[in-house]
Amino acid sequence: MRGTITEGEVVGIIIKPEANWWKIESKAGQGLVPATYLRELDLQEGKARFDGSKNEFGGHSARSRPQIASANLELDANKSSYQRAGASLMPLESAETGARHRTPSMQGAFLGMAGSAEQWSSNVDPSLVSQISNEEKKRQEAIFELIVTEGSYVRDLQLVVEIFYRRMQDLMQEHDLRAVFANIEDILLANSVLLSSLEDLQQKNSFFIDLFGNHFATFIPSLECYATYCGNQMAAQKFLKRRQEEDAKLDRFLKETFRSGKSRSLDLNSWLLKPMQRITRYSLLLKQILQHTPNNHPDFVGLQQALRLIERVATNVNNAAQEYENRLKVAEIMNLVDFETDEVNFRIDLTTQTRHLGPRICLLEGQLTKSKSGRKLHAYLLTDILLFVEPSSKQSGSKVSSAKGYQFVLYRKPIPLVDHVAVQDTGEDSFAVVHGQDTVQVRAPNFSEKRRWISSINEQVEICMIAERSHRDQHSAMESNRARLAGVDAMGTLVINVIEARGLPPGANGKRDVYCAVELSGQILKTKALEGSNPRWNQSLSFTVVKSATTFRLATYNVDMFSPDGIYVNGIKMIRLLTGVLRTSWIY
């Protein structure tokens, strides 16, 4: 579709979605035009010219108001730039019908209804406004605000894709672009479809929307893609900064784009924050609608459901961002501290899972000093470990650590919080950490920091102890299940004699501290742990057999104090019992 609006032509204004862009209808159809190319007619002139133009293009909408074009304009369904005569405009009428068949970047050009001071009441029949309650007016204004700001947001996304992402494809490799923009095209697609549907709902209901909540809720699952994007944000900003420092062409492009005004005086990092800001704003907008929706309104339950769903998405997004930030911090500690010292004869990887508390995170860090000597230390309190480190220049042999790029070395072995750790307040700004026979007495910068360290360590020790007790309780439950099975009409007993393992490589922590675990019908029994690559257990494990066709699993594990025990994958064996009682020996 292609049509022209000529200078002096009278057009009808359907809606003013923002100060600079108005939706009009003319002989060529409906579309968005720059407001600066239109002049609003006074009442008398408008009535005369407006009435005379109705028959020319099929009659105006009841909501349209007369304007006169001050320049020649063209409407072209295949373009997304807006200029004077000879350039192109995107007509909304044709765009909306084909929205789902277009690319996300094109949708942003014609679906966007950027934020405006325009109110809902300005876009409906005044007689309708006068007939409804003030509370319903506020409710409709709140719905209108969500849709209008969604349009503005989609146009922002389209700008990021068109002005930055597309043009930077000539400057960066695909994996580098992904590091900066993540899945922003997925977000643009999801929000373009959402906006198209909201505007359809708005048009079909003549701007008076009675049921909004359920309609909005159906699109919320598609917003789960924000978790990936927001989880990448911190790394994206750091990566972009580094690449800009290293790549003169990229730096010049970003600065020229900023100065040219194409990015509306915002740098790329500011634009990349838009999705994070939008996903958190949905709940505020829905709460605003709910605030003006009575409990007995047919939309009330749907709005509550939509709010619950969007808050769940926002929580998932926040968790993803926090988890990534935590991973980044723990990885930073690994890069700063040399864990391979003479005192520590095994490797530790802080980026692995804890034994019972999931991903390891850094809860607290800060500078401390030895109470007596004044020796400077740096401490890290993690989920399950307390670390005391010191600058590598202070430690004998630190030249090796410094040469490897480490800033710190271990002052003490990593202290597992589940292993009899106690904290003592020793007065003023000092406190002591007691681990077995070892005591580390330190001084905090001030009394407040001392209290913070003491309370944080004590709290985390308690959490670790609870997790360890829970793990032991599970093991006890398995033993109880074994005893229960022995009391039922069991077929008999299966005795497995685990003799030895041969040629086991070191575990992930560099050690070989190996045990064998056997499972049958919910019963799990373990051998003792032995060191070495060829452990010889020669240990009998006794199981109750309750049915003839059952399976037992056998695997070997390497004991790890700081992470889940590492399994020797090639060591898993499975035997299916086809007869009742079996007494056997197994050489592994």
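None of the values given here were measured: they were computed from a predicted structure. (Residues numbered from 1 in each chain as written. Predicted model: local features only at pLDDT ≥ 70, side-chain atom pairs only at ≥ 80, totals over all residues. Heavy atoms only, no water.)

A.B. asks: Could you give an account of the packing of aromatic side chains, with specific residues and numbers?
C.D. replies: Taken as a whole, this structure holds five aromatic pairs when the rule is applied. A ring pair is formed by Tyr165 and Phe181, whose centres lie 5.1 Å apart and whose planes are at 80°; its orientation type is edge-to-face. Linking Tyr165 in helix α5 (residues 134-168) with Phe181 in helix α6 (residues 174-181), this pair joins segments that are 16 residues apart in sequence. Like Tyr165, the residue Phe181 is buried in the burial classification. Taken together, a centroid distance of 5.7 Å and an interplanar angle of 55° make the contact between Phe216 and Tyr282 tilted. Highlighted residues: Phe216 in helix α8 (residues 213-217) and Tyr282 in helix α13 (residues 274-291), separated in sequence by 66 residues. Across this residue pair, the class does not change: Phe216 and Tyr282 are buried. By way of ring pairs, the aromatic residues Phe212, Phe216 and Tyr282 are connected into one cluster. (Phe/Tyr/Trp six-rings, centres within 6.5 Å; stacked < 30°, edge-to-face > 60°. Helix = DSSP H or I, 4+ residues; strand = E, 2+ residues; numbered from the N terminus. Buried < 20%, exposed > 50% of the residue type's maximum accessible area, 1.4 Å probe, protein only.)

A.B. asks: Hey, could you go over the pairing of strand β15 (residues 430-435) for me, with residue numbers and the actual values?
C.D. replies: With respect to burial, β15 is a largely interior element, five of its six residues being buried. In terms of strand pairing, strand β14 (residues 421-425) meets β15 through five bridges, oriented antiparallel. Following the sheet pairing, Val423 is matched in β15 by Val433. Linking β14 back to β15 in an antiparallel pair, the connection comprises four residues, with Gly427 at a positive phi of about 100°. (Pairing = 2+ DSSP bridges.)

A.B. asks: Break down the confidence of the model for the protein for me, citing the residues and quoting the values.
C.D. replies: Taken as a whole, the protein shows an average pLDDT of 75; of its residues, 68% reach a score of 70 or greater. Within the protein, the element-level pLDDT minimum falls on helix α3 (residues 104-111), averaging 31, and the maximum on α8, averaging 95. Counted against residues more than four places away or in other chains, residues 53-117, with its pLDDT under 50, gives 219 contacts. A low-confidence stretch, residues 569-588 stays under pLDDT 50, and its non-local contacts, those more than four residues away or across chains, total 59 contacts. (pLDDT = per-residue confidence, 0-100. Contact = heavy atoms within 4.5 Å.)

A.B. asks: Hey, could you go over the pattern of salt bridges for me, with residue numbers and the actual values?
C.D. replies: One pass over the structure, following the stated rule, counts 21 salt bridges. When the shortest N-O distance is used, the salt bridge between Arg243 and Asp247 registers 3.0 Å. For the residue pair Arg243 and Asp247, the accessibility class agrees, reading buried in each case. Overlapping salt bridges, with partners in common, bring together Glu136, Arg139 and Asp299 in one network. (Salt bridge = Lys/Arg side-chain N within 4 Å of Asp/Glu carboxyl O.)

A.B. asks: Outline the pairing of strand β16 (residues 438-443), listing residues and values.
C.D. replies: Pairing analysis gives two bridges linking strand β9 (residues 362-370) to β16, with the strands arranged antiparallel. Following the sheet pairing, Lys370 is matched in β16 by Val442. In this sheet, β16 lies alongside β15 in antiparallel orientation, the contact comprising six bridges. Following the sheet pairing, Val434 is matched in β16 by Thr439. Between β15 and β16, which follow one another and run antiparallel, lie two residues, and Gly436 among them has a positive phi close to 65°.

A.B. asks: So what's going on with the nonpolar core? Which residues, and what values?
C.D. replies: By size, the foremost hydrophobic cluster in this structure holds 61 residues, and its most contacted members are Phe164, Met168, Phe181, Phe212, Phe216, Leu268 and Leu286. It is α5 that provides the largest number of residues to this core, a total of 14 residues. The contact partners of Phe212, leaving out residues within four places of it in the chain, are Ile143, Leu146, Ile147, Leu198, Leu201, Leu286, Ile289, Asp299 and Leu303. Of all hydrophobic cores here, the second largest spans 22 residues; its members include Leu364, Ala444, Ile454 and Cys464. (Core = buried A, V, L, I, M, F, W, Y, C linked by side-chain atoms within 4.5 Å.)

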